[in-house]
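The residues making up each chain are set out below.
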Amino acid sequence: LAKTTQPISMDSYEGQEVNITCSHNNIATNDYITWYQQFPSQGPRFIIQGYKTKVTNEVASLFIPADRKSSTLSLPRVSLSDTAVYYCLVGRLYNQGGKLIFGQGTELSVKP
Amino acid sequence: NAGVTQTPKFQVLKTGQSMTLQCAQDMNHEYMSWYRQDPGMGLRLIHYSVGAGITDQGEVPNGYNVSRSTTEDFPLRLLSAAPSQTSVYFCASSPRTGGFPRSYEQYFGPGTRLTVT
């Protein structure tokens with residue numbers, strides 16, 4: 001299983017763009033990259049997933065370079081409500097014999 | 001849809017007691033999993049299931065049993081509770097998808113906070 005490495009914590013201010021990078025050097029060919037957000041006392045919530053290049057949805061963008069050994073979650077114009085822990089996962093689900101493992105996560109603190 | 005539901009929300013056990021944490025989903029998802037989260041830590045996978053009748057171990061399976069007799073339910077059994085099992089337990093489910101790209105979106109329940117004294 002691909003191991004992921006993220007910064008333990010990051011600070012930002014409201015209105016700024018936040019980029020959280022995840023390193024996954026031993027990512028396998030069939031692995032996808034998925035990001036989750038978790039607020040205190042709640043289960044994680046899916047944000048975005050990608051395989052290569054760039055993916056964008058209404059919440060975030062995910063940038064994946066050609067070698068796929070890292071990925072960057074980009075949160076545009078963060079607000080106080082974006083204060084949470086963000087997890088990067090790399091792997092496959094059951095239909096390719098895989099399982100998803102959470103790493104330590106990045107605790108993002110957004111200040112006014 | 002209720003999504004993923006977990007019961008109980010809170011539980012206190014004495015060392016050596018056994019209990020079952022319940023998890024149910026009404027989305028007809030084939031994939032279900034159990035995670036534990038210790039204070040200040042990420043989630044660790046305990047067991048998972050790829051469909052009714054099929055289960056497999058995750059990162060930290062010792063001390064836990066699971067079964068999957070129906071698509072909807074995936075109970076987690078603590079055989080003999082130990083203080084080291086004090087944690088918050090999350091159940092998650094995910095739909096089977098085909099084609100490309102596949103979705104790896106997991107839907108998480110609200111969690112069960114377990115304390116073992």
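Thresholds, definitions, all that
For every chain, the first residue of its written sequence is number 1, and the numbers climb from 1 along that sequence. Starting at A for chains and at 1 for ligands, labels are handed out in the order in which the entities are written. In keeping with the predicted nature of the model, local features appear solely for residues at pLDDT of at least 70, side-chain atom pairs appear and are counted solely at 80 or more, and the whole-chain, interface and lining totals rest on all residues. Calculated side-chain values reflect all of the structure's heavy atoms, with hydrogen atoms and water omitted. Helix numbers and strand numbers start at the N terminus; a helix is a DSSP run of H or I with at least 4 residues, a strand a run of E with at least 2. Radius of gyration here uses only the C-alpha atoms, and the compact-globule reference equals 2.2 Å multiplied by the residue count raised to the power 0.38. Only protein chains enter the area calculation, which uses a 1.4 Å probe; residues under 20% of their type maximum are buried, those over 50% are exposed, and those in between are partly exposed. Here, residues are in contact when the closest pair of their heavy atoms is within 4.5 Å. Methods summary: accessible areas were calculated by the Shrake-Rupley approach with a probe of 1.4 Å, and residue burial reflects only the protein chains presented. For the purpose of counting charges, residues Lys and Arg are taken to be positive, whereas Asp and Glu are taken to be negative. His and the chain ends are not included. The atom standing in for a charge is NZ when the residue is Lys, CZ when it is Arg, CG when it is Asp and CD when it is Glu. Defined by distance alone, a disulfide is two cysteine sulfur atoms within 2.5 Å. Any two strands with at least two DSSP-identified bridges between them are counted as paired. Convention adopted: a line fitted to C-alpha atoms gives each axis, helices being fitted over their contacting stretch, and angles between N-to-C directions are expressed from 0 to 180 degrees. Put simply, buried Ala, Val, Leu, Ile, Met, Phe, Trp, Tyr and Cys residues joined by side-chain atoms within 4.5 Å make one nonpolar core.

K.L.:
Give a detailed account of the overall build of chain A, specifying residues and quantitative values.
P.N.:
Helices and strands together make up the secondary structure of chain A, namely 0 helices and 9 strands. Element order for chain A, N to C, with α for helix and β for strand: β-β-β-β-β-β-β-β-β. Against the compact-globule benchmark of 13 Å for 112 residues, chain A has a radius of gyration of 14 Å, which places it among compact chains. Each principal axis of the C-alpha atoms in chain A carries an extent, and together these give about 45 × 30 × 25 Å. A burial count over chain A gives 49% of its 112 residues as buried. Long-range contacts, defined as pairs at least 24 residues apart, comprise 55% of the intrachain contacts of chain A with a sequence gap of at least 6. Of the roughly 5,300 Å² of accessible surface on chain A, 49% is carried by carbon and sulfur atoms. One way to put it: in chain A the 10 positive side-chain charges average out to a point 10 Å from where the 8 negative ones average out.

K.L.:
Can you tell me about the overall build of chain B, naming the residues and giving the values?
P.N.:
Secondary structure assignment for chain B yields 0 helices and 11 strands. Tracing chain B from N to C terminus, the helices and strands come up as β-β-β-β-β-β-β-β-β-β-β. With the principal axes as the frame, chain B shows a C-alpha extent of 45 × 30 × 25 Å. The proportion of buried residues among the 117 residues of chain B is 45%. Pairs at least 24 apart in sequence give 54% of the contacts found in chain B among residues at least 6 apart. As presented, chain B carries roughly 5,300 Å² of accessible surface, and 50% of it is formed by carbon and sulfur atoms. Between the centroid of the 9 positive side chains of chain B and the centroid of its 8 negative side chains there is a distance of 7 Å.

K.L.:
Which residues make up the state of the cysteines, and what are the values?
P.N.:
The tally for this structure, following the rule as stated, stands at 2 disulfides over all chains. Cys22 of chain A shares a disulfide with Cys88 of chain A; S-S distance 2.2 Å. Its S-S torsion of approximately -80° makes the covalent link between Cys22 of chain A and Cys88 of chain A left-handed. Pair noted here: Cys22 of chain A is in strand S2 (residues 18-23) and Cys88 of chain A is in strand S8 (residues 84-91), with a separation of 66 residues, a long-range link. Residues Cys22 of chain A and Cys88 of chain A agree in their burial class; the two are buried. Paired through a disulfide, Cys23 of chain B and Cys91 of chain B show a sulfur-sulfur distance of 1.8 Å. Handedness of the Cys23 of chain B-Cys91 of chain B disulfide follows from its S-S torsion of about -70°: it is left-handed. Residue Cys23 of chain B is found in strand S3 (residues 19-25), and its partner Cys91 of chain B is found in strand S9 (residues 87-94); the two are separated by 68 residues along the sequence.

K.L.:
Give a description of the sheet that holds strand S1 (residues 9-13) of chain A that names residues and reports values.
P.N.:
Residue and element names in this part refer to chain A. Taken in spatial order, the 5 strands line up as S1-S9-S8-S3-S4 in an open sheet, and their pairing is mixed. Sheet topology places S1 and strand S4 (45-50) at the edges, where each strand pairs with a single neighbour. Neighbour-to-neighbour, the strand axes of this sheet turn through a mean angle of 25°, independent of strand direction. Pairing analysis gives 7 bridges linking strand S3 (residues 32-38) to S8, with the strands arranged antiparallel. Its bridge partner being in S8, Trp35 is matched across the sheet by Cys88.

K.L.:
Please set out the environment of Asn1 of chain B residue by residue, giving values where relevant.
P.N.:
Residue and element names in this part refer to chain B. Positionally, Asn1 belongs in the segment before strand S1 (4-7). Assessed through its relative accessible area of 84%, Asn1 is described here as exposed. When residues no more than four places from it in sequence are discounted, the contact partners of Asn1 are Asp26 and Met27.

K.L.:
Please provide a residue-by-residue account of unusual backbone geometry, values included.
P.N.:
Cis geometry is found at the peptide bond from Thr7 of chain B to Pro8 of chain B, where omega equals -5°. Structurally, the position occupied by Pro8 of chain B is in the loop between S1 and strand S2 (10-13). A positive phi is found at Arg68 of chain A, a non-glycine position, where the angle reads about 60°. Relative to the elements of secondary structure, Arg68 of chain A occurs in the loop between strand S6 (61-64) and strand S7 (70-75). For Arg68 of chain A, a relative accessible area of 8% corresponds to the buried category. In this model, Asn28 of chain B sits at a positive phi of 60°, which is unusual for a non-glycine residue. Among the secondary structure elements, Asn28 of chain B is positioned in the loop between S3 and strand S4 (31-37).

K.L.:
Could you give me a rundown of the nonpolar core, with the residues and numbers involved?
P.N.:
Judged by nonpolar contacts, the single largest core of 20 residues is most densely connected at Ile33, Trp35, Ile47, Leu73, Leu75 and Tyr86 of chain A. Where this core is concerned, the elements lending two or more residues are S2, S3, S4, S6, S7, S8 and strand S9 (106-111) of chain A. Of all hydrophobic cores here, the second largest spans 19 residues; its members include Tyr32, Tyr36 and Phe46 of chain A together with Tyr104 of chain B.

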